Amino acid sequence: MPSYCEVALPVPIDRTFTYALRESEPVARGSRVIAPFRNEKLIGVVTATEAPAPADFEAKCIEAVLDDEPLLSEHLLKLAEWIAGYYLAPLGEVLRGMLPLMAEVRRVVYYRITDLGRDVLASSLDGDGRSSQVSDTRPARRGKRSVEDLAMERRVLERLAAGEPVKVSTLRTATAAILPVLVAMQRKKWIARETAATERDARRTERFAVLIPDTRLPVLTKLQQAILAELAANGGEVPLAALRRRDLPSSTLQTLVRRELVRIEERAAAFRLGGIEAPVQPLTLNESQLDALASIVSRLGAFHSFLLRGVTGSGKTAVYLKAMQRALDRGQSAILLVPEIGLTPQMVGLLDAAFGERVALLHSALTPEERTEQWRRIHRGDAPIVVGTRSAIFAPAPNLGLILVDEEHDQSYKQEETPRYNARDVAVMRAKLTGAVVVLGSATPSLESWQNSVQGKYTRIEMNDRVKNRPLPEVELIDMRREFQETGQEQLFSRSLVDQTRQAIERGEQAIILLNRRGYSFAVLCRACGQKLECQNCAIALTHHKPSGEDQIVRAGQRLECHYCGFKRIVPSKCPNCESEHLYFLGAGSQQGEERLAEIFPGARIGRMDRDTVRGRHDLEHLLARLHSGEINLLVGTQMIAKGHDIHGVTLVGVVGCDHALSMPDFRAAERVFQLMMQVSGRAGRGELPGRVVVQTYYPDHYAIVAASTHDYAGFAERELKYRRWMHYPPFGVLANVLIQSDKLEEAAGWSATLGKWFQQTAPEGVRVLGPCTAPIARINNVYRFHLILKAASRKSLNAALRGALAHADEAGIPRRNIVVDVDAQRLM
């Protein structure tokens, strides 16, 4: 008699699935299995063993058991269950995010022809057996399909006609079919998609050419001599990849191997932690840092939560490093979360210098093989220090004693896809489940964390002085309304900012200017008809970018780009709506800022830091290294420049256009402007020389601007919390954003109306429902979006209302994948 188990699969369905086990396949809770699901073979996690036999269906058998022992500890499984319940996410999708081990499984996609596909193919052949165009049974769609697509569909059906499943790579090679055509054919049920999954060896290896010593050299060609010389000059061995980069042919190397002068060895590939190299020197803490460290260390061994509020430059990183060392001394492991690993190469360099090979790195920029390797090192206990972005909170660190969340206020900790968890809050829950200490650190804590410290849920630690008693920078507010009145011109940079930047450069110092918009201009407007040039896929204005040699599409001229879906087009010579030639480029981005600065300061060494210049894993390291060395003395960029960089030569920071966000339809707008101003101001005066900040604003009297200019976090928090309390917004209430989306406008509108009517009829107690209405960005990537915002005083009431709405949506036939429930939403756009 077979036994049964419950498996959580990575599908948008809020349940687990029962599978049968063969007698020779014992499994444990927390181990991975390959399970059949419809036409797919999926990787699932066992959530229960010895499950009862299903009464109303015959359970399918598990295809394979991947793990002899559980990969996920009981603590991590409980954490996954908490996330699934709190954020209303399918458990299988939560567990998929916890196990970044897809490199250990080889998945192959196949297509096969269906009965309907055979009928379509048969109808496309005339009586003589000659091919004609494939006929679509839905004539309404025929006008949208090109002759090439029709021919492609016929070739696919003919290739699959034998009945055997064909690999997608083989099918595309044989028929020249593009993926959208295959997806369309699958949607019409002419072909079916299947997957197969098998285990694979994910260990990364590197091949080396090794010189065989004490061999008699025969007559050699010049290329053979060059390879042997290269090997001899590098200690007798060189990676094959390095030889290829030197244009030394592999055929010549193979000749040397056959002549037994060189051998090829395969070794485990080295992993470079990366980061900016930090000097190896003992950290000396001041009194404030020692007090903070003592408070944290005294609680190691049991759950406790701290909010560490330290002004910029107060030395929070040194406290983190010392606290991790104390955890190691106790035989415990530690996790350090950072908002974006690529934006903090200095932090990585410091960890590398302090802990060396005991550090593991987890973030999305790693290859699947690298992530698997790092995860396994952590799981084995080889790397008790873990640093990474939000997903690193799931690292399988044994005997976890300390969790540190740096810049805990940062929005990057909120996942913007299912499961939509906030790593900061998950960190607190994981610490509670494992009996660890959690430290939330920031110069500008989120108001939710601040209020928790006011209520005593978190112990607050204050570090109010910079290291070596360096002063906080003086802040000057420039009223851009008065600037326009006095100059009669709309200028990107004020006279004061230009003058002070010139003086800083002439003194041999460095300056940073924040211009928090990408591109050259953020919109293109027709002066004749008022039409904005919008993305063809999204309801958003296209951003104007000037030519760059890196983009193929740009070489014919300037481009317009959508920052949501990536659509690009050439800047038209006429308005597409009225054919007027009078196009107006509205606003200025970081690219235009760089150009203007080059005109004003022709002798300056200018750099730019934004998503257009920092694309790869090592771009930022190279840019910051140039800034540290003084090769760049004037840096302009988006909010990336505010992310914790410690450049001692920077004495001046300019803030341009930061206050436009105050007009956004978001109750957190004032908090975000305040945080950004405080963070970027903190880049000035971190060395021996004092710093200065120049803020250009159209709202010089706004309380967020005034508080940031005086470094008054407590004053800002008091006033903002008063408004939040009046309006019942977090932290004095809980909030969720329910997004309904579809590629058909009428579907999205109808589904949102159905949910809106249900909320009206049921009127959940203690829950206020706003909407449904069109989302602020009504369409993204050809998906139409409507939303409802739910506010409640009680988490329990909100959760019950959301569960009821999802149950009603299921009864009404609204697919779960078309409903996004974002609990504690950070963005309402």
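Our subject is the structure that appears above.
The structure reproduced in this document is the subject of the present report. (Residues numbered from 1 in each chain as written. Predicted model: local features only at pLDDT ≥ 70, side-chain atom pairs only at ≥ 80, totals over all residues. Heavy atoms only, no water.)

### Focus on the overall build of the chain
Then comes step 1: Check the secondary structure of the chain and you find 24 helices and 33 strands.
Then comes step 2: For a compact globule of 829 residues, the expected C-alpha radius of gyration is about 28 Å, and the chain comes in at 30 Å, within 12% of that figure.
Then comes step 3: For the chain, buried positions account for 52% of its 829 residues.
Then comes step 4: Residue pairs in contact within the chain that sit at least 24 positions apart in sequence constitute 75% of those at least 6 positions apart.
Then comes step 5: Charge-centre separation for the chain: the mean point of 108 positive side chains lies 2 Å from the mean point of 98 negative side chains. (Helix = DSSP H or I, 4+ residues; strand = E, 2+ residues; numbered from the N terminus. Rg over C-alpha atoms; globule rule 2.2 N^0.38 Å. Buried < 20%, exposed > 50% of the residue type's maximum accessible area, 1.4 Å probe, protein only. Contact = heavy atoms within 4.5 Å. Lys, Arg positive; Asp, Glu negative; His and termini not counted. Charge placed at Lys NZ, Arg CZ, Asp CG, Glu CD.)

### Topic: the environment of Val680
Then comes step 1: Its place among the elements puts Val680 in helix 20 (residues 669–681).
Then comes step 2: Taking the C-alpha atoms as reference, Val680 lies 7.9 Å from Gln639; in sequence the two are 41 residues apart.
Then comes step 3: The contacts of Val680, once residues within four sequence positions are left out, are Leu514, Ile641, Ala642, Val653 and Val655.

### Section: the packing of aromatic side chains
Then comes step 1: Using the criterion set out here, one finds 13 aromatic pairs in the structure.
Then comes step 2: Here Phe667 and Tyr729 contribute two aromatic rings whose centre-to-centre distance is 4.3 Å and whose plane-to-plane angle is 10 degrees, an arrangement assigned as stacked. Placement of the pair is Phe667 in the loop between strand 28 (650–656) and helix 20 and Tyr729 in the loop between helix 22 (713–727) and strand 30 (734–742), with a sequence separation of 62 residues.
Then comes step 3: What makes Phe667 buried here is its relative accessible area of 14%.
Then comes step 4: Chaining the aromatic ring pairs together yields one cluster made of Trp450, Phe674, Tyr703, Tyr713, Phe716, Tyr723 and Trp726.
Then comes step 5: Its guanidinium or amino end placed over the ring of Trp450, Arg460 lies 3.8 Å from that ring's centre, counting from NZ or CZ.
Then comes step 6: In this structure, Arg517 is placed above the aromatic ring of Phe522, and the distance from its NZ or CZ to the ring centre is 3.9 Å. (Phe/Tyr/Trp six-rings, centres within 6.5 Å; stacked < 30°, edge-to-face > 60°. Lys NZ or Arg CZ within 6 Å of the ring centre and 35° of its normal.)

### Regarding the pattern of salt bridges
Then comes step 1: Here the structure, examined in full by the defined rule, presents 43 salt bridges.
Then comes step 2: Asp14 is paired through a salt bridge with Arg816; the nearest N and O atoms lie 3.2 Å apart. On the criterion of sequence distance, the pair formed by Asp14 in the loop between strand 1 (3–8) and strand 2 (17–21) and Arg816 in the loop between helix 24 (795–811) and strand 33 (819–823) is long-range, its members being 802 residues apart.
Then comes step 3: For Arg424, the salt bridge goes to Asp425, with nearest N and O atoms at 3.1 Å. (Salt bridge = Lys/Arg side-chain N within 4 Å of Asp/Glu carboxyl O.)

### Description of the environment of Asp382
Then comes step 1: Tracing the chain through its elements places Asp382 in the loop between helix 13 (368–380) and strand 15 (385–388).
Then comes step 2: The exposure class assigned to Asp382 is partly exposed, which follows from its relative accessible area of 41%.
Then comes step 3: Sequence-distant contacts of Asp382, that is, excluding residues within four places in its chain, are made with Glu357, Arg358 and Arg377.
Then comes step 4: In terms of polar contacts, Asp382 uses its side chain to reach the side chain of Arg380, at 2.8 Å. (Polar contact = N/O pair within 3.5 Å; in protein donor to acceptor, adjacent residues only side chain to side chain.)

### Details of the packing of helix 1 (residues 74–86) against helix 14 (residues 423–434)
Then comes step 1: Their axes nearest at 10 Å, the elements helix 1 and helix 14 cross at an angle of 140 degrees. If you check the angle between helix 1 and helix 14, you find them oblique. Crossing handedness for the pair helix 1 and helix 14: right-handed. Contact with helix 1, carried on its side by His75, Leu76, Lys78, Leu79, Trp82 and Ile83, involves Asp425, Val426, Met429, Arg430, Leu433 and Thr434 of helix 14 and no other residues of that element.
Then comes step 2: For the contact of helix 1 with helix 14, a count of residues per class yields seven nonpolar, two polar and three charged. (Axes fitted to C-alpha atoms, helices over the stretch in contact; angles between N-to-C directions. Parallel < 35°, antiparallel > 145°, perpendicular 65-115°, else oblique. Left-handed = near helix turned anticlockwise from the far one by under 90°. Nonpolar A, V, L, I, M, F, W, Y, C, P; charged D, E, K, R; others polar.)

### Regarding helix 4 (residues 147–160)
Then comes step 1: Between the first and last C-alpha of helix 4 there are 20 Å, a value that for 14 residues agrees with the 20 Å anticipated at 1.5 Å per step.
Then comes step 2: Among all positions in helix 4, only Leu150, Ala151, Met152, Glu153, Arg154, Val156, Leu157 and Leu160 are buried. (Expected span 1.5 Å × (residues − 1).)

### Some details on the sheet that holds strand 10 (residues 237–239)
Then comes step 1: Strand order in the open sheet formed by three strands is 10-9-11, with antiparallel pairing between adjacent strands. Whereas interior strands pair on both sides, the edge strands pair on one side only; in this sheet they are strand 10 and strand 11 (262–268). On average, each strand axis in the sheet is inclined to that of its neighbour by 30 degrees, with strand direction left out of account.
Then comes step 2: Along the sheet face, helix 7 (residues 222–233) touches strand 9 (205–211), strand 10 and strand 11 and points at about 105 degrees away from the line of strand 9.
Then comes step 3: Sitting on the sheet, helix 9 (residues 250–258) is in contact with strand 9 and strand 11, with an inclination near 105 degrees to strand 11. (Pairing = 2+ DSSP bridges.)

### A few points about the sheet that holds strand 30
Adjacent strands of a sheet form backbone hydrogen bonds with each other and so pair up, either parallel or antiparallel.
Then comes step 1: Across the sheet, which stays open at both edges, the four strands sit in the order 31-32-30-33 with antiparallel pairing between neighbours. The outermost strands of the open sheet, each flanked by one partner alone, are strand 31 (767–780) and strand 33. Neighbour-to-neighbour, the strand axes of this sheet turn through a mean angle of 20 degrees, independent of strand direction.
Then comes step 2: Pairing geometry for strand 30 and strand 32 (residues 783–792), over nine bridges, is antiparallel. Bridging from a neighbouring strand, Ala736 pairs with Leu790 of strand 32.
Then comes step 3: The strands touched by helix 23 (residues 745–762) are strand 30, strand 31, strand 32 and strand 33; relative to strand 32, the strand with the most contacts, the crossing angle is about 15 degrees.

### Describing the packing of helix 4 against helix 5 (residues 168–175)
Then comes step 1: Here helix 4 crosses helix 5 at 125 degrees, and the two axes come no closer than 10 Å. Taken together, the axes of helix 4 and helix 5 are oblique relative to one another. Seen along the crossing, helix 4 lies across helix 5 with a hand that is right-handed. When helix 4 is examined against helix 5, the residues Met152, Arg155, Val156, Arg159 and Leu160 are found in contact with a partner set consisting of Thr170, Leu171, Ala174 and Thr175.
Then comes step 2: Considering only residue class, the contact of helix 4 with helix 5 consists of five nonpolar, two polar and two charged.

### A look at the environment of Ser521
Then comes step 1: As for its placement among the helices and strands, Ser521 is situated in the loop between strand 20 (510–515) and strand 21 (523–526).
Then comes step 2: Taking the relative accessible area as the measure of exposure, Ser521 reaches 2% and is therefore buried.
Then comes step 3: In this structure the C-alpha to C-alpha distance between Ser521 and Leu560, which are 39 residues apart in sequence, comes to 9.5 Å.
Then comes step 4: Ignoring anything within four residues of it in the chain, the contact list for Ser521 reads Thr543, His544, Phe585, Leu586, Gly587, Gly589 and Gln592.

### Re the nonpolar core
Then comes step 1: Ile83, Leu95, Met98, Met609, Leu790 and Leu802 are the most contacted members of the largest nonpolar core, which has 112 residues in total.
Then comes step 2: The residues contacting Met98, other than those within four sequence positions of it, are Leu72, Leu76, Leu79, Ala80, Ile83, Trp375 and Phe394.
Then comes step 3: Counting residues in hydrophobic clusters, the runner-up holds 34 residues, among them Tyr320, Ala323, Val348 and Leu351. (Core = buried A, V, L, I, M, F, W, Y, C linked by side-chain atoms within 4.5 Å.)

### Some remarks on helix 18 (residues 590–600)
Then comes step 1: Burial in helix 18 covers these residues: Ser590, Gln591, Gln592, Gly593 and Leu597.
Then comes step 2: Buried residues along helix 18 sit in contact with strand 20, strand 22 (543–545), strand 26 (606–609) and strand 27 (634–637).

### A short note on the pairing of strand 27
Then comes step 1: Here strand 27 shows no split at all, with Leu634 and Val636 on one side and Leu635 and Gly637 on the other all buried.
Then comes step 2: As paired strands, strand 26 and strand 27 are joined by four bridges and run parallel to one another. Paired with Arg608 across the strands is Val636, a residue of strand 27.

### Quick notes on unusual backbone geometry
Then comes step 1: Pro419 follows Thr418 through a cis peptide bond whose omega is -5 degrees.
Then comes step 2: The omega torsion across Gly771 and Pro772 is 10 degrees, close enough to zero to call that bond cis.
Then comes step 3: Along the polypeptide, Pro772 turns up in strand 31.
Then comes step 4: In the Ramachandran plot, Arg38 falls in the positive-phi region, its phi being about 55 degrees despite a non-glycine side chain.
Then comes step 5: Secondary-structure assignment places Arg38 in the loop between strand 3 (32–37) and strand 4 (40–49).
Then comes step 6: Positive phi, close to 60 degrees, is recorded for His728, a residue that is not glycine.
Then comes step 7: Structurally, His728 can be placed in the loop between helix 22 and strand 30.
Then comes step 8: Judged by relative accessible area, which is 51%, His728 ranks as exposed.

### Here's the deal with the side chain of Asp410
Then comes step 1: Topologically, Asp410 is positioned in the loop between strand 16 (400–406) and helix 14.
Then comes step 2: Among the polar contacts made by the side chain of Asp410, one reaches the main-chain amide nitrogen of Ser412 at a distance of 2.8 Å.
Then comes step 3: Setting aside residues up to four positions removed in sequence, Asp410 forms contacts with Pro339 and Lys643.

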